[in-house]
Structures are given as structure tokens and as C-alpha cells.
Amino acid sequence: MAKKLIELKNVTKSYDGAAVVNDINLYINENEFITLLGPSGCGKTTTLRMIGGFEKPDAGEIVLNGVVVNDVPPYERPINTVFQRYALFPHLNVYDNIAFGLRNQKVAKEEIAERVETALKLVSLPNFAKRKVTNLSGGQQQRVAIARAIVNKPKILLLDEPLAALDLKLRQSMQYELKEMQRKLGITFIYVTHDQEEALTMSDTIVVMKDGVIQQIGTPTGIYNEPNNRFVARFIGESNILDGIYVRQNLVRFMDVEFDCVDTQFADGEPVDVVIRPEDLDIIDPKGAKLIGVVSSSIFRGVHFELCVMVQGKEFVIHTYENRKVGENVGLRVDSYEIHLMKVEQGEH
Amino acid sequence: MNIKKLGRLALPYLVWMLVLVGIPLVMILVLSFMKTDGVSFTGATWSLEAWQEMFSVTDPTNLKILLDTFTFAIIATVICFAIGYPMAYIVARSPFSNKFVILVLTIIPMWSNSLLRNVALKNILSETNILDSLLSRVGMDFVIRFANQDQATFISIIVGLVLTYLPFMILPIYTVIEKIDESLLEASMDLGANPARTFLKVTFPLSMKGVTTGIIMVFLPCFSGFAIQKLLSRGTVYVLGSLIEANYIHDINFVSMLSIVILFLIFGSMMIVNKVDKEGATLV
Amino acid sequence: MGVRKREPGKLTLFLRRPKVEQAIARIVSVFKYAFFAFFMFLMYLPIVVIAIQSFNTTTGLIYQFNGFTFEHWKNVLTFDLDTNLANAITTTLVVAFLATAVSTVAGTIIAIGIHSLPKKKRQGMVFLNQVPILNADIITGISLMFVFKIVATILPGTFGMPSLIVAHIFFCLPYVVLSILPKLAELDENLYDAALDLYCKPAAGITKVIIPAILPGILTGMLIAFTMSIDDFLISFFNAGEINNLSIYIYGGYNRRLAPEVYAYNTILSTVIILGLVAMYVSSALKKRARLKHDLHHA
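Residues numbered from 1 in each chain as written. Chains lettered and ligands numbered in written order. Predicted model: local features only at pLDDT ≥ 70, side-chain atom pairs only at ≥ 80, totals over all residues.

Trainee: Tell me about the overall build of chain A, and please be specific about residues and values.
Mentor: The helix and strand tally for chain A stands at 8 helices and 20 strands. For chain A, the spread of C-alpha atoms along the three principal axes comes to 75 × 45 × 40 Å. Scored against the burial criterion, the 349 residues of chain A give a buried share of 38%. Considering only intrachain contacts with a sequence separation of at least 6, the fraction spanning at least 24 residues in chain A is 64%. (Helix = DSSP H or I, 4+ residues; strand = E, 2+ residues; numbered from the N terminus. Buried ≥ 20, exposed ≤ 12 C-beta atoms within 10 Å, placed from the backbone. Contact = placed C-beta atoms within 7 Å.)

Shown next, in the form of C-alpha cells:
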């Protein structure tokens, strides 16, 4: 059974009277890659900073290995951080940057040399020890920042949107490398990002946040397939969200048509939000189709075509390998297990 | 947590400023409306005597001094601008390797004592001067002749003020022009403006920040100083600062009043600079 | 209806012809050089005169060049001077070094403090910081005099050297702060947190990480502070009491002949500073060239 490494209990943090992190409860296991995901201002970075010790919670407790650490400063926590713009020390070269933490811990010279070399190998920068950090590319600075953190063998590594400043291809390869690194090192990675694709790619667990409140915690597939509410459904992947009525057991009605579905936890006649992923809709012959519409736009996305189909005035987004011409009449089909129902939340639309 | 705490390091500075700037400010204001014996308040009475002495209609000597002070300061500032703006522009637009050298060349005179430079200037502007004496050995002349002594003094003072404060006009303007993004000028020409028009419509307006700072950095010292004027006129010309020098020991109220007159100008210019340049970028 | 461009006039067409453009460019260039030369001539003439005077023998009139001598230079370098002048020079240098040292250290700490403040408070402190810079020297001098005179009634003997040094610290601090703030603004905002993250205690975080990163700003501020202090007249005039610094000494002699050693001292000081700057520039240029070579061979 996975051991709880960090626990956040009713943690709240406010700025200028407004709660940026609002009474959140969260636990994080050993050897876990967990991502805090959400739009700007949702409180994810503040939460990360509180775990690192750079901010103090206004209320609640942060518990590390059973010990409350609210008042423990960053330099006394077994945690290291990779900052968003790397925060490399400009006056030190690569070696000295990486050795910085070790020197502060009074580690012996020979051991420092060994560990720095290992760290550089791990981030694929074996000969960079003497280089000046200001001459490195973004990707290289990124790796030095990671090396500088992990060389201290922390129990927990915090990463604050570390890939935000890199170009697309580099970001994608770094995502893979970070995931591999976490597996190899066996330590907990707490990762912050607003990029849902990044979160889905790398995480064991995703924590979706909005306005300082946790919206949903789950595995990538779990959250993708079964979002709890409209916000999560919209934020993760693309979706078509419709108003519907749960007619009775395994039957839901939307767009004036009844569909079989597999969700059962709703009452007869209850209004529900219906979520269907674009890739789950199939284009079929309009004859005999339950949903019929007209193609209003077609965009080539490299891997697939993104079609917009207007059905009774509502726009459906479909991902398909077969193109259709704008103006064509088409039918849409969806399987019952691909219809996901969510409770309608108050004041949501 | 820690960054916020670091802000407390600035607190002593706040106190320091309040004591060394705030308290005297209040004192000056109060003293100008009183008649006291030095800085002590024993036997003090409220009085408008200081102000009357300055702005009296019956004896306008002080008012004339005020006028002269303005005259010198304004003329010197205008000339500094006329020479300083082109200089700043030329240096800012010169190729990169030259820039540093030229800048240093412009600043080097500032490392000679400014009073001594003005003493030397007096020498140069006199009928018998050292350059003439040297050059006469090779058969040349170097004498600057004036129509009369008054003109000589007047021009000497203007030249002295200009030479002393010209770098203060050049530096802020240089800083601002140097920062103007090349692509702005290219955009201007792309949109049909020739170089002259680009200068008028783009460069010059963008440089106004530096010009304002430069004007203030020249005008204020010209207006409030007395040493240069005294040196170059052998003590015959009086400006506002000279009145302060003459009275600071025995008539502190008059001096306070004069300080307030100067402070009016300073306050106005600080408001302007603060509006125009919030992070102090043009001052260094 | 499109925008119709006006047909360029005959004059404009003429001016655009390549040869004409070249000629104009050349004239402008000549004008630029002429203007620059004129400016240099103006600014350096007094300095040249000062240098000449430092070699002038004292037997005749001051406004005549009577003969060439190294005597005055020798007197300055061996410090064989009239007591008043010797004291004035000593005072100037001692005050300058002390004020520069104190204001550099204090200014660095204060700048870090101001930089860490929230925006409104920071802008307020920056405004306060400008006050001594924008304030006329004479007002600063008088203001400080008021405060120091009052202090002197409680602590006798403080009006003189002590008040002079504090006064210099007062007007040097803002320049130091102003030199450092922009460098602080350029730093990665997480640099200090990174130091703490890597097991640095707060004070060590500042000395090991922040200060090395802003060092150029600190050095510039130090240089400016020194320059301001060495040349100051007005503020010193009102706060020095009985003692003189060099500027006061020169001012005092406005109606009589100045000791030629003053000219020699000034020329020597200027030369030293210029040589120092040249040395720094050359050494940093050489370092750059060496590093380029190194990087080229080891890329």
C-alpha cells in the first residue's frame, strides 16, 4: 500500500482578502508523479510554494512524513524545486550551480564531484560542467536546473511549469525524459502546469484546480473519461457538452433523441450534463442516424480532421480520419459507453 | 514568506529620510514665518518680515536678484539644450564600439573639481590669460574681448554654468534615445515618413522623457547655486543663492524663506519627473 | 477609393539622386564631427588650462605662463603642502572614502529591501529616494545643517567632521540605490527562493547569490558615489563647520591666487581616475577576447 508522504489538511491562503487557495485537502504518496492542473490563478503555484516553504498557509496544516511543517523554512525541508524560469545563479558556472546545494550541506569535495557528474549524466549534459549558464540554450538551462535540484537526493521534487518556456518539440521530448527520470529516481514529483496535455502524458495522478478549490482528483484516464463537472470536462481534452434528461435506468434523452447509456447513479427525470468526446462521435450516413446535421467547417489537424457539424442549431465537434465537405449532410453515431453523464452543478453554464 | 520579509530592510531608510528630509522641511516652513534667534525657538515671534524683505515693492533689490537668477538659469538651460540634445543624439546613434569611448570622454571633465574648472575658465576669459601667454610665444593670440565689464561678467557666468552642467543635460537624453527600439524607426519609414519626419514625429517625442529630466537637472542647480556666479564675477553679481550664503549665519528666517522659494520650483519639477519617469530610469 | 500618393516634387527627386544623397550624407557626417570637436574643445579647454597651470612656475602673474616646472607635482606627491591645503585634501579624500564605503554597503541592503516591497510601497520609496537627487544642493545643505545644528546642542562636537561625513552619506545613498535597483529588477524573480531551496540560510542567500548577481550595479553605484563626494561644494559648505574640504578651500580663495599645488593635485587625480578606467576597460576587453578564443576551441 502506497505510503502517504505529504498531506494538506484544510489549507487556505489569501492575498488581499481573497482566498487563492481555499480549504483544500490533498494527500500525496511516495514515488508518485502528481500534477496540479488548472488555469492561471487557480492556486496551483501557491499550493506548490506552500509545500516548498516559500509561502505560509493562513489556515490548515501541511504535514510531511507525519510532522507538521508549516513553520519550517525551505532550507530545512527535504524538498527541492525546479523554478519556472530556472533561477540559475548567473555568476556561477554549471558545476557550481549544481554543487550549490551540496556545498551548503557541507558534503565532502570528492562526493560532490561524484554526485554532480552523475546528475549531469542523468540530464544528458555530460561535458557541461565548466560552461557559463548564461550561454546555454533554454533546454540546456532547464536540464541544469533539474540536475541542481535532484543532485541533493530530495524526497520530493517540486516543478513549477518547468517546460513553459520551451518550444513544442523540445517540450514533448522533455516530458518523456521527466517521466523516465521520476521512475528511475523513485522520488515523488509534484508538477504544476496549465497544459492539460502535459498533465495527461506524465502524471500518475492529476489534481484539477479552479479558483483555489480542487475540482477533481484522479488518474489521467479516469479524469479524461469521467469528468466530474463541466469545468473539468471542458478543461481536459475537448468535449461536446449538452443538456440532457436522465429518463430512467440506462436511458438518457438529449437533442430530442433517446440514447442508451451506462451511467446509473441518477434519479429518473433528473437533468444531467452530457459529455461526448469528439473522437467518440462517428460520421455515418444521414439515413437512419439518430443525429443529423450539416458540416459547417473542416480543419486538418495533422493526425485527424476536426469537423464542426451543426445539429438542430447546436455545434458538435468531431475528430475523424475521413474528411467531409463543408455543407454536406451527415449523420452522427455514438456508442452507449461513450456517453458520459455529469451532475448539473448550481450556477454552472 | 522570505521575500516579503526582505522588504523590511528598507524601513530604516524610510526613517532616515523622514528625519533628514521631513523634519528640516517643516522647520524651514515654520521658520520662514517667524523671527527667531538662530535655530532655537526661545524668544521667537511670528512674523512676515522675511517675506516682506523679499517681495517688497519699496525696495526691489531682492526681486531684481530673483529676476537675474531666473535669467541666468533660463539662458544657461536653453544653451545646454541647444548643444546637449544634438550631442546626445550623435553619441546615441554612433556605432557601438565608439559609444563607450565617447561617453567616457564626455564624462571625464566631471572628475575635475567643478570650482577649479570655473577658476580656469575665468582665466581663459580674461584679457590677460594663460593661453594667450603661451601662444604668444609662438606668435599667436588668444584673447576674447567683450564690449564692457558687465557684458564680460554676464557672458562668463553663462559660459561657466553651461560648461559645468552640460553633461547633466546630455546623459538623460542619451539614455532615452539609446533605448529607442530601431524597429520603431523602421516602422515609421515603412509607413512613409522620411528621416526628417521620423525624427520629428517619432524620435523627438520619445526623447521628451530624457529632455524633461535634463532640463530639470540643469535648471535647478543653475537657479539655486552661488559658487560659480561668485567665482566668475569676483563677487560682484548676486543671485538667490548668494543671499542665502550671506545670511545663513545671522538671519535664519530670511534664509528659510529663500529656501521655500527654491523649494516651490523643486517640488514642481519633482512632480513632473515622477509623472514622466516612475522607476528612475533616466537619472543614472 | 484608395489612398493616392502625391507625386514626389522636383526637389525631392533631386535629393534622392544617389550622388546627391551621398553628398548630403557626407556633409551631415562632417557636421557631426565638427560639432563633436566643438563640444570637446569647449569642455576640455578649462581642463587643459588646469593642467598647464600645474606646471607653471609661480614667479610671475598667475595669468602668465612664466616657466615650466615639476615642483608642484612633486609637492603634491610628497604631500609637502601648505597646512590648510593639506588638511583640505585629506578631508576631501577621507570623507569620500568613508562616505562611499558606508553608502555602498547600506545602499545595497536598502536597494534589496526596496526591490522586495509590493508595487505601491516600492514606488513610494523610489520617489523618496529621488528627493536628495532632485533637490537642489543648497536646500539639502541648509536642511542638513538645521538637523545637525540641533543634534550638536545635545552632542557637542558633532558639527564638523561627523556632520560632514553623515551629510555625504546622505547624498551618496540615493545614487547607489538607483544604480542597483535596475540590476535587481533584471534578476530571475525566484533566484533568492532557489538559494533557500538549496539549503542556504536567508543571510547567506543574499551574500552568496543576490550580491554576486548585482555586482556591476554595486560597482557603478560606488563609482558614482565617490565622484559625487569628491566634487561636492554646496552641501559641504553648510555642514563642515570649521573644517574645509578642497572645494571650500578653492572657493575661499576666489579673489586671490590659488596655490599651484591645487592644480597639480587635480590633474593628478583626474589622470589616475582616467588611467584606472582605461585599465578596467582594457582588462575586460582582453578577458572577453580570451573567452571567445577558449569557446571557439572548445565548442
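Having seen the structure, we can now continue with the description.
Trainee: Tell me what's going on with the interface of chain B and chain C, and back it up with residues and numbers.
Mentor: Taken together, the contact pairs 73 residues of chain B with 70 residues of chain C. Of the residues contributing to the side of chain B that touches chain C, the split by class is 49 nonpolar, 18 polar and 6 charged. (Nonpolar A, V, L, I, M, F, W, Y, C, P; charged D, E, K, R; others polar.)

Trainee: If you had to explain the interface of chain C and chain A to someone new, which residues and values would you point to?
Mentor: Opposite the 14 residues of chain C that make contact, chain A presents 17 residues. Listed by contribution, the elements that provide at least two residues to the side of chain C that touches chain A are α8 (191-197) and α9 (202-231) of chain C. For the side of chain C that touches chain A, the element with the most residues is α8 of chain C, which contributes 5 residues. Residue composition of the side of chain C that touches chain A, by class: 9 nonpolar, 1 polar and 4 charged.

Trainee: Tell me what's going on with the domain arrangement of chain C, and back it up with residues and numbers.
Mentor: All names here are of chain C. Along its sequence, chain C is organised into domain 1 (58-81 + 259-299) and domain 2 (83-257). The straight-line distance from the C-alpha centre of domain 1 to that of domain 2 is 26 Å. Opposite the 7 residues of domain 1 that make contact, domain 2 presents 5 residues. Residue composition of the side of domain 1 that touches domain 2, by class: 6 nonpolar, no polar and 1 charged. (Domains from an automatic or database assignment.)

Trainee: Which residues make up the sheet that holds strand β1 (residues 4-15) of chain A, and what values do they have?
Mentor: All names here are of chain A. The sheet built from 4 strands is open, its strands ordered β2-β1-β4-β5 with antiparallel pairing. If you trace the sheet from one side to the other, it starts and ends with β2 (18-29) and β5 (67-68), each paired once. Pairing geometry for strand β4 (residues 59-64) and β5, over 2 bridges, is antiparallel. For V63, the partnering residue across the bridge sits in β5 and is V68. (Pairing = 2+ DSSP bridges.)

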